[in-house]
Amino acid sequence: ASLLFFAFSRSFGHIWRHILLPLEMDFFWSYLEAISGSLNTAVRFVIATLTFFFIWIYQIYRKMTDDKRKIEEVSADIMNLNQEMEDLGAERTFALLGLRIADNIRNPVSIIGCVAQRMLKQSDLSDKQKENLEDVLDACHMLEQIVSDFESIIKNRPRMFHYEDVNEVVKDIVKIMEPEARQRGILFHAELSEKPAKINVQRNLLRVGLFYLMRNAMHATSSGGMISVQTCVDNESVTIRISDTGCGLAQDVLQHLFDPLYNQSGDCLRMALPLVRQIVKEHLGELLVSSQPGKGTTFEMIFPVKWCIISKNMGS
């Protein structure tokens, strides 16, 4: 609209000039020219202002669009991670429930078997009674074998491990945690190895373990602190190191850090540490921790590169 007004103003100005000057109406033209020039200048100012305004608004719009896309991606990652943790919790709950049911079946079966054996030792039983008791004992042995097989299936259920680069898993979790760290005023620094850090890994389990360790570090670190995540690779092992500059832990707390009963009376996030250690053990690795009060805490997840090679740090 401003450009259209400017075009009409300039056009009619030239037209009126060629009409008024031949009619010797110079005084009227000088008056009209001043008004027309002022209007044209004002229109130019409006056009320039609108142009800069929309450029500025468009830059803000693009930034908002990028932020919205990033928020949607992070939200999707968090939802997926929460779903993975819920699935993992449900899987372990059902496994424990199955083991408890198996144990509840074994106890009465053992009692029935013991009673049947005692009754067989009695001398005043008829052949038919002995035959029935022997059938009961056979059925008890069969039930015990079924329960044992059921327990073996639950305990030794294979997980889907793949030979993958854990750097990719670490990147995913860092991407999820960085926005929250930024909000808290915490610097999040990731230093990943240049070489691929490939191990046999169950991706969802490792994601859950890393999430709990990074969230634990974030809650222990105040504004202005730093959390660093490193991956190191050598010929035998891959190490994921998560360090924070938080409040640190006392030695008496470190001694009971992975005890679920002890942690129930402490920080709710430390209650997840026994689960993290179990996840590391399922990868044939080891979880090490070092801390000093007031100086921060460091967790190291050490995994063997190949399952036929045991790291020197294992068991230390």
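Each remark here, short or long, concerns the structure printed above.
This structure is a prediction, so every number in the text was calculated from the model and none was measured.

Chemist: Sorry, what's going on with the overall build of the chain here?
Modeler: In terms of helices and strands, the chain carries eight helices and seven strands. A total of 316 residues make up the chain; the buried ones form 32% of that total. Counting only contacts in the chain whose residues sit at least 6 apart along the sequence, the fraction spanning at least 24 positions is 73%. When the accessible area of the chain is evaluated, it comes to approximately 20100 Å², of which 59% is carbon and sulfur surface.

Chemist: In this structure, what is going on with the layout of surface pockets? I would like to understand it.
Modeler: With a probe scaled to a water molecule rolled over the atoms, the places where space remains empty come into view. Of the voids in this model, the second largest pocket is the one considered here, and its volume is about 200 Å³. Along the walls of the second largest pocket sit D67, K70, I71, E73, V74, K175, E178, P179 and R182, which together make up its complete lining. Put simply, the parts of the chain that give the lining of the second largest pocket at least two residues each are α2 (26-120) and α4 (166-183). The greatest single-element share of the lining of the second largest pocket, amounting to five residues, is contributed by α2.

Chemist: Looking at this model, I keep getting lost on the nonpolar core. Mind explaining?
Modeler: Nonpolar side chains in soluble globular proteins tend to be buried together. F188, L210, M214 and M301 are the most contacted members of the largest nonpolar core, which totals 38 residues. Elements that contribute at least two residues to this core include exactly α4, β3 (198-201), α5 (203-220), β4 (226-233), β5 (237-244), α6 (251-255), α8 (273-282) and β7 (296-304). When residues of this core are assigned to their parent elements, the largest contribution, eight residues, is made by α4. Not counting residues within four places of it along the chain, the set of residues in contact with M301 comprises L206, L210, L213, V238, T239, I240, V280, E286 and L287.

Chemist: Mind showing me how you'd approach the sheet that holds β7 here?
Modeler: Strands belonging to one sheet form pairs held by backbone hydrogen bonds; the direction of such a pair is parallel or antiparallel. Read across the sheet, five strands follow the order β2-β4-β5-β7-β6 without closing on themselves; strand pairing throughout is mixed. Looking at the sheet topology across the chains shown, the edges are occupied by β2 (187-191) and β6 (286-292). Sheet twist, expressed as the mean angle between neighbouring strand axes with direction ignored, is 10°. Docked against the sheet, α4 engages β2, β4 and β5, running at close to 170° with respect to β2.

Chemist: What is the right way to look at the pairing of β5 in this model?
Modeler: Along a regular strand, successive side chains alternate from one face of the sheet to the other. Extensive coverage of β5 is indicated by the burial of seven of its eight residues. Direction of pairing for β4 relative to β5: antiparallel, over a ladder of seven bridges. When the sheet's bridge partners are listed, C232 is paired in β5 with T239. The turn joining β4 and β5, which pair antiparallel and follow one another in sequence, is formed by three residues.

Chemist: Hey, could you run me through a nonpolar patch on the surface in this one?
Modeler: On the surface, a nonpolar cluster with roughly 890 Å² of combined accessible area is contributed by F45, V46, L50, F53, F54, W56, I57, I60 and M64. Structurally, W56 is set in helix α2.

Chemist: Would you take a moment to explain the packing of aromatic side chains for this structure?
Modeler: Centre distance and the angle of the planes are the two values used to describe a pair of aromatic rings. A complete count under the given rule lists four aromatic pairs for this structure. Their ring planes at 75° and their centres at 5.4 Å tell us that F53 and F54 sit as a pair that is edge-to-face. Since its relative accessible area comes to 39%, F53 is described here as partly exposed. Look at F54 and you get exposed, because its relative accessible area is 52%. A centroid spacing of 6.3 Å and a plane angle of 55° characterise the contact between F53 and W56, whose relative ring orientation is tilted. Of the two residues, F53 and W56 both sit in helix α2, three residues apart, roughly one turn of that helix. Feature note: the residues F53, F54 and W56 constitute an aromatic cluster, connected by ring pairs.

Criteria and cut-off values
- All residue numbers here refer to positions counted from 1 along the written sequence of the relevant chain.
- Only residues with pLDDT of at least 70 get local features here, since the model is predicted, and only at 80 or more are side-chain atom pairs given and counted; chain-wide, interface and lining totals rely on the full set of residues.
- Water and hydrogen atoms play no part in the side-chain values, which are based on all heavy atoms of the structure.
- In this text, helices come from DSSP runs of H or I with a minimum length of four residues, and strands from runs of E with a minimum of two, each type numbered from the N-terminal end.
- Residue burial is assigned from relative accessible area. The probe radius is 1.4 Å, only protein chains are included, and a residue is buried under 20% of its type maximum, exposed over 50%, and partly exposed in between.
- Contacts between residues were defined by any pair of non-hydrogen atoms, one from each residue, lying within 4.5 Å.
- Calculation of accessible area relied on Shrake-Rupley with a 1.4 Å probe; when residues are assessed, cover is drawn exclusively from the protein chains displayed.
- Cavities and pockets are found on a 1 Å grid laid over the protein atoms alone: a cavity is a set of points where a 1.4 Å probe fits but cannot escape, a pocket is an open set with protein on both sides within 12 Å along at least five of seven lines, and a lining residue has an atom within 4 Å of such a point.
- Grid points are joined across faces, edges and corners, and a volume is the space filled by probe spheres set on the points.
- Definition of nonpolar core: a set of buried residues of the types Ala, Val, Leu, Ile, Met, Phe, Trp, Tyr and Cys, connected through side-chain atoms within 4.5 Å.
- At least two DSSP bridges between two strands are needed for those strands to be called paired.
- Working convention: axes come from line fits to C-alpha atoms, limited for helices to the stretch in contact. Angles between N-to-C directions cover 0 to 180 degrees.
- Residues with no salt bridge and a relative accessible area higher than 30% make up the patches, which join like charges within 9 Å and nonpolar side chains (Val, Leu, Ile, Met, Phe, Trp, Tyr) within 5 Å.
- Salt bridges are defined as contacts in which a side-chain nitrogen from Lys or Arg sits within 4 Å of a carboxyl oxygen from Asp or Glu.
- Aromatic pairing here means that ring centres of Phe, Tyr or Trp (its six-membered ring) are within 6.5 Å. Orientation follows from the plane angle: under 30 degrees is stacked, over 60 is edge-to-face, and everything else is tilted.

Nothing here speaks to function; it is all geometry.
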